[in-house]
Amino acid sequence: MEFHEVFTRLRQQAGLSQSEVAERLFVTRQAVSRWERGETLPEVETLQALSKLFGVSINTLLGSPRTLTFQSCGMPLTDDILARDRDGSLNERYCMWCWDGEGFAQDCTLEEMVEHCLPHMQLGGMEPETCRAYLESLLPTLERWREMP
């Protein structure tokens, strides 16, 4: 799905006219119309504002072009479990269980995170030790754990 299709659907689901969206984002109605026709894309700052307005990730606005994972627990990024920062904006790096708006919700080690995530994995009946090995190889590659000394 392309941006213009996602945007149009979200605008209509929110019950907003093109003019109302334009007013909220401080852009012209013509700009909104061009987005819906697929002629242009909004600037990065406007994508951030649209993300906040519709409560979806920028990745979703762009038609989910990449499969992303949360950068603490490795879960697939989905809009329904995105964390929010203190200002209410969506945090596309962490899920709502890992991030409390200002910092990590749990003060834990990488090993403790593996043990926490293990029961929540749904990998088609994979053996627990295989899941553990997968998490032990994945988590150190994620932002949260790469930044640790």
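Below: a short report on this structure. In this text, all values refer to a predicted model and were calculated from it rather than measured experimentally.

Rules behind the numbers
Residues numbered from 1 in each chain as written. Predicted model: local features only at pLDDT ≥ 70, side-chain atom pairs only at ≥ 80, totals over all residues. Heavy atoms only, no water. Phe/Tyr/Trp six-rings, centres within 6.5 Å; stacked < 30°, edge-to-face > 60°. Helix = DSSP H or I, 4+ residues; strand = E, 2+ residues; numbered from the N terminus. Buried < 20%, exposed > 50% of the residue type's maximum accessible area, 1.4 Å probe, protein only. Lys NZ or Arg CZ within 6 Å of the ring centre and 35° of its normal. Patch = residues over 30% accessible without salt bridge, like charges linked within 9 Å, V, L, I, M, F, W, Y side chains within 5 Å. Areas by Shrake-Rupley, 256 points an atom, 1.4 Å probe, with all protein chains shown as cover. Salt bridge = Lys/Arg side-chain N within 4 Å of Asp/Glu carboxyl O. Lys, Arg positive; Asp, Glu negative; His and termini not counted. Charge placed at Lys NZ, Arg CZ, Asp CG, Glu CD. Axes fitted to C-alpha atoms, helices over the stretch in contact; angles between N-to-C directions. Parallel < 35°, antiparallel > 145°, perpendicular 65-115°, else oblique. Left-handed = near helix turned anticlockwise from the far one by under 90°. Contact = heavy atoms within 4.5 Å. Nonpolar A, V, L, I, M, F, W, Y, C, P; charged D, E, K, R; others polar. Arc of directions from axis to C-beta. Pairing = 2+ DSSP bridges.

Considerations on the packing of aromatic side chains
Here the distance between the centres and the angle between the planes together describe a pair of aromatic rings. Under the criterion given, the structure shown has 6 aromatic pairs. Ring centres of Phe 7 and Trp 35 lie 5.5 Å apart, and the angle between their planes is 85°; on these two criteria the pair is classed as edge-to-face. Here Phe 7 is found in helix 1 (residues 3-13), whereas its partner Trp 35 is found in helix 3 (residues 29-37), with 28 residues between them in sequence. The two residues Phe 7 and Trp 35 agree in class, both being buried. Members of the aromatic cluster, joined through ring pairs, are Phe 3, Phe 7, Trp 35 and Phe 54. In this structure, Arg 144 is placed above the aromatic ring of Phe 104, and the distance from its NZ or CZ to the ring centre is 3.9 Å.

Digging into the environment of Met 75
By the element assignment, Met 75 lies in the loop between helix 5 (58-61) and strand 1 (82-84). Residue class for Met 75 comes out partly exposed when judged on its relative accessible area of 31%. As for Met 75 and Met 113, which are separated by 38 residues in sequence, their C-alpha atoms are 12 Å apart.

A short note on a negative patch on the surface
Taken together, Asp 107, Glu 111, Glu 112 and Glu 136 make up a surface patch of like negative charges. Within the element layout of this structure, Asp 107 appears in the loop between strand 2 (90-95) and helix 6 (110-117). Assessed through its relative accessible area of 82%, Asp 107 is described here as exposed.

What about the packing of helix 6 against helix 7 (residues 128-138)?
Between helix 6 and helix 7, whose axes approach to 10 Å, the crossing angle comes to 140°. By the angle between their directions, the pair helix 6 and helix 7 is classed as oblique. By crossing handedness, the relation of helix 6 to helix 7 is classed as right-handed. Seen from helix 6, the contacting residues are Val 114, Glu 115 and Cys 117; seen from helix 7, they are Arg 132, Leu 135 and Glu 136. Residues belonging to the contact of helix 6 with helix 7 are distributed by class as follows: 3 nonpolar, no polar and 3 charged.

Quick notes on unusual backbone geometry
A positive phi angle is found at Phe 26, which is not glycine, with a value near 60°. Among the structural elements, Phe 26 can be located in the loop between helix 2 (18-25) and helix 3. A residue is classified by how much of its surface remains accessible, and Phe 26, at 77% relative accessible area, is exposed.

So, helix 4 (residues 44-54)
Restricting attention to buried positions, one finds in helix 4 the residues Thr 46, Leu 47, Leu 50, Ser 51 and Phe 54. Projected onto a plane normal to the axis of helix 4, the buried residues spread over an arc of 145° and lie on a single side. Residues of helix 4 that are buried in the fold lie against helix 1, helix 2, helix 3, helix 5 and strand 2. Phi turns positive one or two residues past the end of helix 4, at Gly 55, with a value near 70°.

What about the pairing of strand 2?
When strand 1 meets strand 2, the two strands line up antiparallel, connected through 3 bridges. The residue of strand 2 that forms the bridge with Arg 84 is Leu 90. Linkage of strand 1 to strand 2, two consecutive antiparallel strands, is achieved through a turn of 5 residues, within which Gly 88 is found at a positive phi near 95°.

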